[in-house]
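Here is how the chains run, residue by residue.
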Amino acid sequence: MSAVRSLFKKSPLVAAGVLAMSLLASTAEVSAAPVLGGQLFWSGGDVTITVLPATAGYTSQLKLFSADPDLFIARNVDVGASLTIGASLIDVDHNIGDELVFGIFVENTGDTFLMGPGSRNGDGLLHAGVDSLGGGVFQVGFEDIRGGGDRDYDDNVFRFEGGVITSVPEPGSLALLGLGLGLAGSFLARRRVKV
């Protein structure tokens, strides 16, 4: 704790910035539960996708549907398989900040279910949940049955890491950043008055 006090005395602006950024990182990094209807956005760089164990009775293909043509990634039965989509390939159809619309094509039924709002799916229901695991790693689980199935979102499970984010920072995170910047400003103003 004395090291923190020492940092505030020597450089309050740097200390306030470090505090604000650490609070921002700690609150925005890990979600408590999967976000149903969650979306992934490209933050630049390569994106690595790994097939995780799941409970599907059907075989599905994970695809990037916002590419033209759709980009096949992997099948849900290929547990442990990993594929990296290079930034140069993503950049052909996307800009930084664009949504990467992933989804599954169910080979047994011919149905397609996309991440994001339920309006994208033929049955009008949500079929994916996004769980932030921290460190820029996200687990996405899909339901592969029309009508929502059992809604446990573990029929197809994939891990995404690298150049993806779930969204812009939450309002609470922005408030923490504002608090940190406000503290920095008050320290600077206080320092100027004393000099």
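Just so it is clear, the model here is predicted, and its values are computed rather than measured.

Draft legend 1. Local environment of the side chain of Asn121. If you trace the backbone, Asn121 turns up in the loop between strand E8 (112-114) and strand E9 (128-134). Looking at Asn121, its side chain comes within polar contact range of the main-chain oxygen of Leu125, at 2.8 Å. Apart from the residues lying within four places of it in its own chain, the contact partners of Asn121 are Thr112, Phe113, Leu114, Leu126 and His127.

Draft legend 2. Looking closely at the nonpolar core. The biggest cluster of nonpolar side chains holds 26 residues, and the ones touching the most others in it are Ile49, Leu62, Phe102 and Phe160. Residue assignment for this core shows that the elements contributing at least two residues are strand E2 (40-52), strand E3 (60-64), strand E4 (71-75), strand E7 (102-106), E9, strand E10 (137-142) and strand E11 (156-165). Non-local contacts of Ile49, meaning those with residues more than four positions away in its chain, are made with Leu62, Ile73, Ala81, Ser82, Leu83, Ile85, Phe102, Phe158, Arg159 and Phe160.

Draft legend 3. Examining the side chain of His94 more closely. By the element assignment, His94 lies in the loop between helix H3 (87-93) and strand E6 (99-100). Overall, His94 belongs to the buried group, its relative accessible area being 4%. In terms of polar contacts, His94 uses its side chain to reach the side chain of Ser66, at 2.7 Å. Here the side chain of His94 touches Ile90 through a polar contact of 3.0 Å, landing on its backbone oxygen. Filtering out sequence-adjacent residues up to four positions away, His94 remains in contact with Trp42, Leu64, Ser66, Ala67, Glu99 and Leu100.

Draft legend 4. Summary view of the pairing of E7. Burial runs high along E7: 4 of the 5 residues are buried. Both E3 and E7 contribute to a ladder of 5 bridges, which runs antiparallel. Bridge pairing links Leu64 to Phe102 in E7. Relative to E8, E7 is paired through 3 bridges, and the arrangement is antiparallel. Bridge assignment links Phe105 to a residue of E8, and that residue is Thr112.

Draft legend 5. Structural context of unusual backbone geometry. Here the amide bond leading from Asp68 into Pro69 is cis, since omega sits at 0°, within 30 degrees of zero. Relative to the helices and strands, Pro69 is located in the loop between E3 and E4. In this structure, Arg151 is a non-glycine residue whose phi angle is positive, near 55°. If you trace the backbone, Arg151 turns up in the loop between E10 and E11.

Draft legend 6. Looking closely at the sheet that holds E7. The strand order across the open sheet formed by 4 strands is E4-E3-E7-E8, and the pairing between neighbours is antiparallel. Every other strand in the sheet has two partners, leaving E4 and E8 as the edge strands with one partner each. Between one strand axis and the next, the sheet turns through 25° on average, direction left out of account. With 4 bridges connecting them, E3 and E4 associate as antiparallel partners. Of the residues in E4, the one forming a bridge with Gln61 is Arg75.

Draft legend 7. Representation of the pattern of salt bridges within the structure. Applying the stated criterion across every chain, the model contains 4 salt bridges. Taking the shortest distance from any N to any O, the salt bridge between Arg75 and Glu107 comes out at 3.2 Å. Linking Arg75 in strand E4 with Glu107 in the loop between E7 and E8, this pair joins segments that are 32 residues apart in sequence. What makes Glu107 partly exposed here is its relative accessible area of 31%. Where Arg146 meets Asp111, a salt bridge forms, and the shortest distance between an N and an O atom there is 3.6 Å. Of this pair, Arg146 sits in the loop between E10 and E11 while Asp111 sits in the loop between E7 and E8, and the two are 35 residues apart along the sequence. You can call Arg146 partly exposed: its relative accessible area is 46%.

Reading the values: the criteria
- Residues numbered from 1 in each chain as written.
- Predicted model: local features only at pLDDT ≥ 70, side-chain atom pairs only at ≥ 80, totals over all residues.
- Heavy atoms only, no water.
- Helix = DSSP H or I, 4+ residues; strand = E, 2+ residues; numbered from the N terminus.
- Polar contact = N/O pair within 3.5 Å; in protein donor to acceptor, adjacent residues only side chain to side chain.
- Contact = heavy atoms within 4.5 Å.
- Core = buried A, V, L, I, M, F, W, Y, C linked by side-chain atoms within 4.5 Å.
- Buried < 20%, exposed > 50% of the residue type's maximum accessible area, 1.4 Å probe, protein only.
- Pairing = 2+ DSSP bridges.
- Axes fitted to C-alpha atoms, helices over the stretch in contact; angles between N-to-C directions.
- Salt bridge = Lys/Arg side-chain N within 4 Å of Asp/Glu carboxyl O.

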